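# Notes for the structure review
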Amino acid sequence: DGGITQSPKYLFRKEGQNVTLSCEQNLNHDAMYWYRQDPGQGLRLIYYSQIVNDFQKGDIAEGYSVSREKKESFPLTVTSAQKNPTAFYLCASRIGGGSYNEQFFGPGTRLTVL
Amino acid sequence: GEDVEQSLFLSVREGDSSVINCTYTDSSSTYLYWYKQEPGAGLQLLTYIFSNMDMKQDQRLTVLLNKKDKHLSLRIADTQTGDSAIYFCAERVGGATNKLIFGTGTLLAVQP
C-alpha cells in the first residue's frame, strides 16, 4: 500500500538535545512538507522541498533543519536552538505539477521535551 | 497578509446537520480545502473547491464558497458520532509551492 510513514509516533527528548523525526513516502511524490501543530492553532509550515536536493524555509524554520537526499525521505531535525519544541509534527507530500494537488499527510509524531 | 479563521468548537446532536464556517483573507486563493483530523492522527482530505465555484456537493458534504465575502462553509448532513473530529479549512495561496494556509481548526462534537 502506498502512503506516508512517520516514526516514531511518540518521542521524548531532554532539553539541549537534537532529535530527528523520520518521514518516508512511497507515493513517488516530488514535494514534501513539514508542519508543526500546537493546541488551538492551525498547522504552521516549517520547511518544504519540491525536488530532491532542494528545500526552502517555511514560516517557522528557526531551530529546525532538513535534508532531501532521496525522493522518498525528508527527515526533520529539531535542534537545541528551537525554544519550544514540544508539539505534534506532521509530514505531507504532494505529486509535482500545477492545478489541484492534494497534500497527503502522515500520522504524525508527538515530540515532548522533558 | 494570509490568515484563515474558524470558530473553535461546534456541538450537534446525532442526525442533525453541522455547519462549520471559515473566513480567509487572500483573494488570490486558487483552491480551498477541508481536512478532517481524528485524535492523534494526521489530516485526511475531505473535499476541496476551486475558487471559481460557488458550491460543491459530495454525498453528505456540501461546500459553499462566497468569494466576495471570502467565506467558506462545510455542511455535514445527518451527522454521525464518527464525524466527531477537528475540521481544518485551508487555502492554497498563489505560486508554485502549493503552500497551504490552515485555519485553527473546529472541534466538532456529536452528541448521541
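Structure: above.
Residues numbered from 1 in each chain as written. Chains lettered and ligands numbered in written order. Predicted model: local features only at pLDDT ≥ 70, side-chain atom pairs only at ≥ 80, totals over all residues. Heavy atoms only, no water.

We now examine the pairing of strand β11 (residues 106-111) of chain B. All names here are of chain B. Alignment of strand β2 (residues 9-13) against β11, held across five bridges, turns out to be parallel. The partner of Phe9 across the bridge, within β11, is Leu107. Where strand β9 (residues 85-92) lies against β11, three bridges are found, and the strand directions are antiparallel. Bridge assignment links Ile86 to a residue of β11, and that residue is Leu107. (Pairing = 2+ DSSP bridges. Helix = DSSP H or I, 4+ residues; strand = E, 2+ residues; numbered from the N terminus.)

Along the chain, Ser7(A) connects to Pro8(A) via a cis peptide bond; the corresponding omega equals -10°. Position of Pro8(A) among the secondary structure elements: in the loop between β1 (4-7) and β2 (10-13). Even without being a glycine, Asn28(A) presents a positive backbone phi close to 60°. Looking at where Asn28(A) falls in the secondary structure, it is placed in the loop between β3 (19-25) and β4 (31-37). Its identity as a non-glycine residue notwithstanding, Lys70(B) has a phi of 55°, on the positive side. By the element assignment, Lys70(B) lies in the loop between β7 (61-66) and β8 (71-76).

With that out of the way, let us pick up the environment of Tyr33(B). Residue and element names in this part refer to chain B. Its location among the elements puts Tyr33 in strand β4 (residues 31-37). Residue classification places Tyr33 among the buried positions, given a relative accessible area of 0%. For the pair Tyr33 and Phe9, spaced 24 residues apart in sequence, the C-alpha separation works out to 19 Å. (Buried < 20%, exposed > 50% of the residue type's maximum accessible area, 1.4 Å probe, protein only.)

Our focus in this paragraph is the packing of aromatic side chains. The tally for this structure, following the rule as stated, stands at 15 aromatic pairs over all chains. Judged by centre distance (6.4 Å) and plane angle (40°), the ring pair of Tyr33(B) and Tyr48(B) falls under tilted. Of this pair, Tyr33(B) sits in strand β4 while Tyr48(B) sits in strand β5 (residues 43-50), and the two are 15 residues apart along the sequence. Members of the aromatic cluster, connected to one another through ring pairs, are Tyr33(A), Tyr35(A), Tyr48(A), Phe105(A), Tyr31(B), Tyr33(B), Tyr35(B), Tyr48(B), Phe50(B), Phe88(B) and Phe102(B). Between Lys56(B) and the ring centre of Tyr48(B), over which it is positioned, the NZ or CZ distance is 3.7 Å. (Phe/Tyr/Trp six-rings, centres within 6.5 Å; stacked < 30°, edge-to-face > 60°. Lys NZ or Arg CZ within 6 Å of the ring centre and 35° of its normal.)

Before going further, it helps to examine a nonpolar patch on the surface. All names here are of chain A. Side chains of Tyr10, Phe12 and Leu114 sit close together on the surface and give an oily, nonpolar patch of about 390 Å² of accessible area. Within the fold, Phe12 resides in strand β2. Exposure remark for Phe12: the relative accessible area of 55% places this residue in the exposed category. (Patch = residues over 30% accessible without salt bridge, like charges linked within 9 Å, V, L, I, M, F, W, Y side chains within 5 Å. Areas by Shrake-Rupley, 256 points an atom, 1.4 Å probe, with all protein chains shown as cover. Salt bridge = Lys/Arg side-chain N within 4 Å of Asp/Glu carboxyl O.)

What follows covers the interface of chain A and chain B. On the side of chain B, 21 residues touch chain A, which itself brings 23 residues to the contact. Buried surface at the junction of chain A and chain B, both sides included, amounts to about 1,700 Å², of which 53% is carbon and sulfur. The interface formed by chain A and chain B includes one salt bridge. The interface formed by chain A and chain B holds four residue pairs in polar contact (both at pLDDT 80 or more) in total. Sorting the residues of the side of chain A that touches chain B by element identifies β4, β5 (43-51) and β9 (87-94) of chain A as the ones contributing at least two each. Examining the composition of the side of chain A that touches chain B, we find that four residues originate from one element, β5(A), more than from any other. For the side of chain A that touches chain B, the per-class residue count stands at ten nonpolar, nine polar and four charged. (Contact = heavy atoms within 4.5 Å. Buried area = accessible area lost by both parts, 1.4 Å probe. Polar contact = N/O pair within 3.5 Å; in protein donor to acceptor, adjacent residues only side chain to side chain. Nonpolar A, V, L, I, M, F, W, Y, C, P; charged D, E, K, R; others polar.)

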